[in-house]
Amino acid sequence: MSSLSSSHPVSPSPLPAGLSRSAVVTALRSAGCVFAEDEAELLISTAASPADLAAMVVRRTAGRPLEHVLGWAEFAGLRISVDPGVFVPRRRTEFLLGQAVDLGRRAAGRTGRGTVAVDLCCGSGAVGAALAAALDGVELYAADIDPAAVRCARRNVAAAGGEVYEGDLFAPLPARLRGRIDVLVANVPYVPTEEVGLLPPEAREYEPLVALDGGADGLDVLRRVTAEAPRWLAPGGHLLVETSELQAPQAVETFARNGLTAGVATCDELYATVVIGTRPDGRGADGREAATGG
């Protein structure tokens, strides 16, 4: 599940300092790294010294995710800091990002102000940082329940002028955001509990369970986010959640039950499915504010 490679290393190889490129490639290939040559280039270019390179190769051949060994992941053209034990951003999530950027630009055009965006369950803050890079004048916030993720996200998001909070879902966000969020991205965990054990070792052994386990059907956190989202979204604001193709119909029903108009966007190339919910903006078909009873 590594975003820089899909390799499955199986055994460490003790190596001396002063490794040659060919020795690094051989060690990685022997450990089962499918993209050994590409990984070797990344390790060599990142290592601060021959001894550092040797230590990195040992960690990688022991099975640690490449991004944890490097200390960064590439996401949407950005180099995102990723600490050991923090969820590694996946390339497929770039599809969710693209949808969010498009909606954020539309919101800015509609409101005439900078987009208010929140990256919930932010992990390393990759999506938030990429949103800030793509949207002019964005007002950015992020939150995660995992302290290690929050520390990492603060490095990535703070550089983009955003604020990061530690806590459970919406709980740590400032109250002033209620009813103001134009784009709410929530990369919630959606692996059913009984399937977590089937994940590649890189994920299940080195990434936090809280970022992977979505409960019995994989939708527990999605339901919690969706139940609260309408109170935080601005009129016409959007909630975007990554899920699996099989879970999408049930996710759409959950969105609808909570008053959001929902649709599904898919990308076959990235094997990505995103459910998008929109809070009604209170306007009639002619674009004027609908009348309310008193």
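Bear in mind the structure is a predicted one, so any value in this text is a computation, not a measurement.

A. View of the overall build of the protein chain. Across its full length, the protein chain carries 10 helices and 9 strands. Expressed as a percentage of its 294 residues, the buried residues of the protein chain come to 50%. Relative to all contacts within the protein chain whose residues are 6 or more apart in sequence, the contacts with residues 24 or more apart total 64%. As displayed, the protein chain offers around 13,000 Å² of accessible surface, 52% of which is attributable to carbon and sulfur atoms.

B. Highlighting the pairing of strand 3 (residues 116-120). Among the 5 residues that make up strand 3, 5 are buried, leaving the element largely enclosed by the rest of the structure. Neither face of strand 3 is left uncovered, since the one carrying Val116, Val118 and Leu120 and the one carrying Ala117 and Asp119 both have all their residues buried. Pairing geometry for strand 3 and strand 4 (residues 139-144), over 5 bridges, is parallel. Across the sheet, Asp119 pairs through a bridge with Ala142, a residue of strand 4. Following the backbone out of strand 3, through helix 6 (residues 126-134) and into the adjacent parallel strand 4, one traces a crossover that is right-handed. Inspection of the sheet shows strand 3 paired to strand 6 (residues 181-186) by 4 bridges, in the parallel sense. Within strand 6, the position partnered with Asp119 by the bridge is Val185.

C. Structural detail: helix 5 (residues 93-111). Spanning 19 residues, helix 5 covers 27 Å between terminal C-alpha atoms, matching the ideal 27 Å at 1.5 Å per step. Within the sequence span of helix 5, burial applies to Thr93, Phe95, Leu96, Leu97, Ala100, Val101, Leu103, Gly104 and Ala107.

D. Region of the structure containing the environment of Glu228. Mapped onto the secondary structure, Glu228 falls in helix 9 (residues 220-232). Spatially, the C-alpha atoms of Glu228 and Asn258 are 8.5 Å apart, while their sequence positions differ by 30 residues.

E. Geometry of the sheet that holds strand 6. Sheet architecture is open: 7 strands sit in the order 5-4-3-6-7-9-8, paired in mixed fashion. Taken across any chain shown, the strands that pair with only one partner, and hence form the sheet edges, are strand 5 (163-166) and strand 8 (261-267). Each strand axis lies, on average, 20° off the axis of its neighbour in the sheet, ignoring direction. Packing of helix 9 onto the sheet brings it into contact with strand 3, strand 6 and strand 7 (233-243), and relative to strand 7 it is tilted by some 165°.

F. Highlighting the packing of helix 9 against helix 10 (residues 248-257). Two elements in contact, helix 9 and helix 10, have axes separated by 9 Å at closest approach and are oriented at 25°. Considering their axes alone, helix 9 and helix 10 lie roughly parallel with respect to each other. Helix 9 and helix 10 meet at a crossing whose hand is right-handed. Each of Leu222, Arg223 and Thr226 in helix 9 lies in contact with helix 10, whose residues at this interface are Gln250, Ala251, Thr254 and Phe255. Class assignment of the residues belonging to the contact of helix 9 with helix 10 gives a composition of 3 nonpolar, 3 polar and 1 charged.

G. Representation of the packing of aromatic side chains. The full count for this structure, using the stated rule, is 1 aromatic pair. Geometrically, the ring pair formed by Phe170 and Trp232 is stacked, given 5.4 Å between the ring centres and 20° between the ring planes. With Phe170 in the loop between strand 5 and strand 6 and Trp232 in helix 9, the pair connects residues that are 62 residues apart, well separated along the chain. Residue Phe170 is classed as buried on the basis of its relative accessible area of 1%. Taking NZ or CZ as reference, Arg79 lies 3.7 Å from the ring centre of Trp72, over its face.

H. Expanded view of unusual backbone geometry. Despite not being glycine, Cys121 has its phi angle at roughly 55°, a positive value. As for its placement among the helices and strands, Cys121 is situated in the loop between strand 3 and helix 6. Of note in this structure, Tyr271 is not a glycine but carries a positive phi near 50°. Residue placement: Tyr271 occurs in the loop between strand 8 and strand 9 (272-278).

I. Seen up close, the pattern of salt bridges. All chains considered together, the criterion is met by 15 salt bridges. Arg90 is the partner of Glu207 in a salt bridge, and the nearest nitrogen-oxygen pair spans 2.7 Å. Linking Glu207 in the loop between helix 8 (201-206) and helix 9 with Arg90 in the loop between strand 2 (78-81) and helix 5, this pair joins segments that are 117 residues apart in sequence. Arg90 matches Glu207 in its accessibility class, with the two residues each being buried. Taken together, the shared-partner salt bridges connect Glu39, Arg60 and Glu202 into one network.

The rules behind these values
Residues numbered from 1 in each chain as written. Predicted model: local features only at pLDDT ≥ 70, side-chain atom pairs only at ≥ 80, totals over all residues. Heavy atoms only, no water. Helix = DSSP H or I, 4+ residues; strand = E, 2+ residues; numbered from the N terminus. Buried < 20%, exposed > 50% of the residue type's maximum accessible area, 1.4 Å probe, protein only. Contact = heavy atoms within 4.5 Å. Areas by Shrake-Rupley, 256 points an atom, 1.4 Å probe, with all protein chains shown as cover. Pairing = 2+ DSSP bridges. Right-handed = clockwise from strand over helix to strand, strands pointing away. Expected span 1.5 Å × (residues − 1). Axes fitted to C-alpha atoms, helices over the stretch in contact; angles between N-to-C directions. Parallel < 35°, antiparallel > 145°, perpendicular 65-115°, else oblique. Left-handed = near helix turned anticlockwise from the far one by under 90°. Nonpolar A, V, L, I, M, F, W, Y, C, P; charged D, E, K, R; others polar. Phe/Tyr/Trp six-rings, centres within 6.5 Å; stacked < 30°, edge-to-face > 60°. Lys NZ or Arg CZ within 6 Å of the ring centre and 35° of its normal. Salt bridge = Lys/Arg side-chain N within 4 Å of Asp/Glu carboxyl O.

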